[in-house]
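# Structural characterization, general
Chain by chain, the residues:
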Amino acid sequence: MTNGQLTATDEDNGDAANLTFADITGGIAGLTINGDGSFMFNSDDAVYDVLDEGDIQTENVTYTVTDAHGGVGNGAFDVVITGTNDTPVATFVTAQTVNEDDAPLTDTLIATDVDADDVLVFSLDDVTPGLTLAGADWTFDASDAAYQSLAAGEQEVITVNYTVTDSQLVTDQESFTITVTGVNDAPVATTLSFSTDR
């Protein structure tokens, strides 16, 4: 929050103490100009969240100053807003279910970032058998050997932890679950060879 004071002069005796200020810009987000010339500017207004780190946006403010006899003067000043980085927010949390040996699951990790042009990168926090990530797209293969020991109907719940990182290396973490349900595996006969004396 920035506070300031507009000033004006008036040669008529007594008028300088009775001046009224008014914003005629048409409304700049976060700016309030009071009748006595005091003003406040809140750069945290959501309108400016789209500015990336180092982006500059200039707002020209025009105002009037009116004396006690209706005389009007005009003034102007610039407000220069410099963007700062906003934290990305990982949002993919959808629980997944799959049977052992089913076709692979696929989906896309998602996140939000109010910085208009920020580039987000996703990564997995842990190694999970059968799970791969390419960009934001993940694939889970429940036919991986790690799940073949599940008995029919037995379930294993996997928690997938992931991170999203923006261009300023600011991160956010989130997770989702994959529930794998075992299916019956057919027994496999093994060939036995032996020798014996007659």
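Preceding block: the structure.
The structure contained in this document is the topic of the report that follows.

Rules of the game
- Note that residues are indexed from 1 along each chain, following the sequence as it is written.
- In keeping with the predicted nature of the model, local features appear solely for residues at pLDDT of at least 70, side-chain atom pairs appear and are counted solely at 80 or more, and the whole-chain, interface and lining totals rest on all residues.
- Hydrogens and waters are ignored; side-chain quantities use all the structure's heavy atoms.
- Secondary structure elements follow DSSP: runs of H or I of four or more residues count as helices, runs of E of two or more count as strands, with numbering from the N terminus.
- Restricting the calculation to C-alpha atoms gives the radius of gyration, and the globule rule supplies 2.2 Å times the number of residues raised to the power 0.38.
- The contact criterion used is simple: two residues touch if any of their non-hydrogen atoms lie within 4.5 Å.
- With residues, only the protein chains shown are counted as cover, and all accessible areas are computed by Shrake-Rupley using a 1.4 Å probe.
- Think of it in three bands: residues with accessible area under 20% of the maximum for their type are buried, residues over 50% are exposed, and the middle band is partly exposed, with areas taken using a 1.4 Å probe on protein chains only.
- Buried and open spaces are told apart on a 1 Å grid over the protein atoms alone, a cavity being a set of points where a 1.4 Å probe fits but cannot get out and a pocket being an open set with protein on both sides within 12 Å along at least five of seven lines. Residues with an atom within 4 Å of a point are the lining residues.
- Grid points are joined across faces, edges and corners, and a volume is the space filled by probe spheres set on the points.
- Only Asp, Glu, Lys and Arg are considered charged, only Ala, Val, Leu, Ile, Met, Phe, Trp, Tyr, Cys and Pro nonpolar, and every remaining residue, Gly among them, polar.
- Aromatic rings from Phe, Tyr and Trp, taking only the six-membered ring of Trp, are treated as a pair when their centres fall within 6.5 Å; an angle between ring planes under 30 degrees marks them as stacked, one over 60 as edge-to-face, and anything in between as tilted.
- DSSP bridges decide pairing: two strands pair if at least two such bridges lie between them.

### Quick notes on the overall build of the chain
Along the chain, the regular secondary structure elements total zero helices and 15 strands. Whereas a compact globule of 198 residues would reach a radius of gyration of roughly 16 Å, the chain reaches 33 Å, over 25% beyond that. Each principal axis of the C-alpha atoms in the chain carries an extent, and together these give about 135 × 30 × 20 Å. When contacts within the chain are restricted to residue pairs at least 6 apart in sequence, those whose partners lie at least 24 apart make up 61%. Here the chain displays about 11900 Å² of accessible surface, and carbon together with sulfur accounts for 49% of that area.

### Side note on the environment of Gly-182
Looking at the element boundaries, Gly-182 is found in the segment after strand S15 (171-181). Given the relative accessible area of 5%, Gly-182 is considered buried. In the structure, Gly-182 is positioned 43 residues away from Thr-139 in sequence and 19 Å away in space, judged by C-alpha atoms. Setting aside its immediate chain neighbours within four residues, Gly-182 contacts Glu-100, Leu-150, Ala-151, Ala-152, Gly-153 and Glu-154.

### Observations regarding the side chain of Thr-181
Along the chain, the position of Thr-181 falls in strand S15. In this structure, Thr-181 is in contact with Val-98, Asn-99, Glu-100, Gly-153, Glu-154 and Gln-155, ignoring residues within four places of it in sequence.

### Overview of the layout of surface pockets
The computed volume of the largest pocket comes to approximately 150 Å³. Ser-43, Asp-44, Tyr-48, Asp-49, Leu-51, Ile-81, Thr-82, Gly-83, Thr-84 and Asp-86 are the residues that line the largest pocket. Here the residues of the lining of the largest pocket sort into three nonpolar, four polar and three charged.

### Notes on the packing of aromatic side chains
The way to describe two aromatic rings as a pair is by their centre distance and the angle between their planes. Evaluation of the coordinates by the stated rule reveals 10 aromatic pairs. For the ring pair Phe-122 and Tyr-162, a centre distance of 6.3 Å and an interplane angle of 45° mean the geometry is tilted. With Phe-122 in strand S11 (residues 121-124) and Tyr-162 in strand S14 (residues 155-165), the pair connects residues that are 40 residues apart, well separated along the chain. There is no split in this pair, since Phe-122 and Tyr-162 are both buried. Counting every residue linked through ring pairs, the aromatic cluster contains Phe-92, Phe-122, Trp-138, Tyr-162 and Phe-176.

### Quick look at the pairing of strand S13 (residues 137-140)
Going residue by residue along S13, you find Trp-138 and Phe-140 tucked away on one face and Asp-137 and Thr-139 left uncovered on the opposite face. When strand S9 (residues 105-108) meets S13, the two strands line up antiparallel, connected through four bridges. By the bridge assignment for S13, Asp-107 is matched with Trp-138. Across four bridges, strand S12 (residues 131-134) lies against S13 in antiparallel orientation. Across the sheet, residue Thr-132 finds its bridge partner in S13, namely Thr-139.

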